[in-house]
Amino acid sequence: MPLEKPLAYFRKHQEKFASEHHGEFVVIYEEDVEGFYKSELEAYTVAIKKHPDGSFLLRPCLRPEEENVAVFHSRVAG
């Protein structure tokens, strides 16, 4: 999985990112922070120019308890 390494890096540093850059968006490539941005669009625009294949992680700097988790239910039985 190409995003396992940056996601693990993000989780390891999430509290620090949230305390220092709360509400901003971080772009991570591999295990390197490429920058913090005020808007998701700005972060994406900069990151996609540098990594046109989309091989970067873009996450909001929020504490784990602030993250929204989407849960979907289906009536389709498998």
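Our structure's up above, just so we're on the same page.
About the cut-offs
- Residues numbered from 1 in each chain as written.
- Predicted model: local features only at pLDDT ≥ 70, side-chain atom pairs only at ≥ 80, totals over all residues.
- Heavy atoms only, no water.
- Helix = DSSP H or I, 4+ residues; strand = E, 2+ residues; numbered from the N terminus.
- Buried < 20%, exposed > 50% of the residue type's maximum accessible area, 1.4 Å probe, protein only.
- Areas by Shrake-Rupley, 256 points an atom, 1.4 Å probe, with all protein chains shown as cover.
- Salt bridge = Lys/Arg side-chain N within 4 Å of Asp/Glu carboxyl O.
- Phe/Tyr/Trp six-rings, centres within 6.5 Å; stacked < 30°, edge-to-face > 60°.
- Polar contact = N/O pair within 3.5 Å; in protein donor to acceptor, adjacent residues only side chain to side chain.
- Contact = heavy atoms within 4.5 Å.

When you look at the overall build of the chain in this model, what are you seeing that I'm missing?
Scanning the chain from N- to C-terminus turns up 2 helices and 3 strands. Listing every helix and strand of the chain by position from the N terminus yields α-β-β-α-β. Burial status across the chain gives 28% buried among its 78 residues. Entry remark: accessible area of the chain is about 5800 Å², with carbon and sulfur atoms responsible for 54%.

Just checking my understanding: could you explain the pattern of salt bridges for this structure?
Pairing between side chains of opposite charge can happen when their charged atoms approach one another. Counted according to the given criterion, the structure contains 6 salt bridges. As a salt-bridge pair, glutamate 67 and arginine 11 come within 3.1 Å of each other at their nearest N and O atoms. Of this pair, glutamate 67 sits in the segment after β3 (57-60) while arginine 11 sits in helix α1 (residues 4-21), and the two are 56 residues apart along the sequence. Here glutamate 24 makes a salt bridge to lysine 38, at a shortest N to O gap of 3.1 Å.

Just checking my understanding: could you explain the environment of isoleucine 28 for this structure?
Turning to its location among the elements, isoleucine 28 is positioned in strand β1 (residues 25-29). Spatially, the C-alpha atom of isoleucine 28 lies 8.4 Å from that of tyrosine 9, the residues being 19 residues apart in sequence.

Looking at this model, I keep getting lost on the packing of aromatic side chains. Mind explaining?
Geometrically, a pair of aromatic rings is defined through the distance of the ring centres and the angle of the planes. Under the definition given, this model contains 4 aromatic pairs. On the basis of an interplanar angle of 70 degrees and a centroid distance of 5.5 Å, the ring pair of phenylalanine 17 and phenylalanine 36 is categorised as edge-to-face. Of this pair, phenylalanine 17 sits in helix α1 while phenylalanine 36 sits in strand β2 (residues 32-37), and the two are 19 residues apart along the sequence. The class for phenylalanine 17 is buried, based on a relative accessible area of 6%. An aromatic cluster of at least three residues, connected via ring pairs, comprises Tyr9, Phe10, Phe17 and Phe36.

What's the story with the environment of phenylalanine 10 in this structure? I'm lost.
Structurally, phenylalanine 10 is set in helix α1. Sequence separation of phenylalanine 10 and arginine 59 is 49 residues, and the distance between their C-alpha atoms is 8.3 Å.

What is the right way to look at the side chain of arginine 59 in this model?
For arginine 59, the location among the structural elements is in strand β3. Take arginine 59: its relative accessible area is 18%, and that puts it in the buried class. Side chain to side chain, arginine 59 and glutamate 67 meet in a polar contact 2.5 Å long. Setting aside its immediate chain neighbours within four residues, arginine 59 contacts Leu7, Phe10, Arg11, Glu24, Phe25, Val26 and Glu67.

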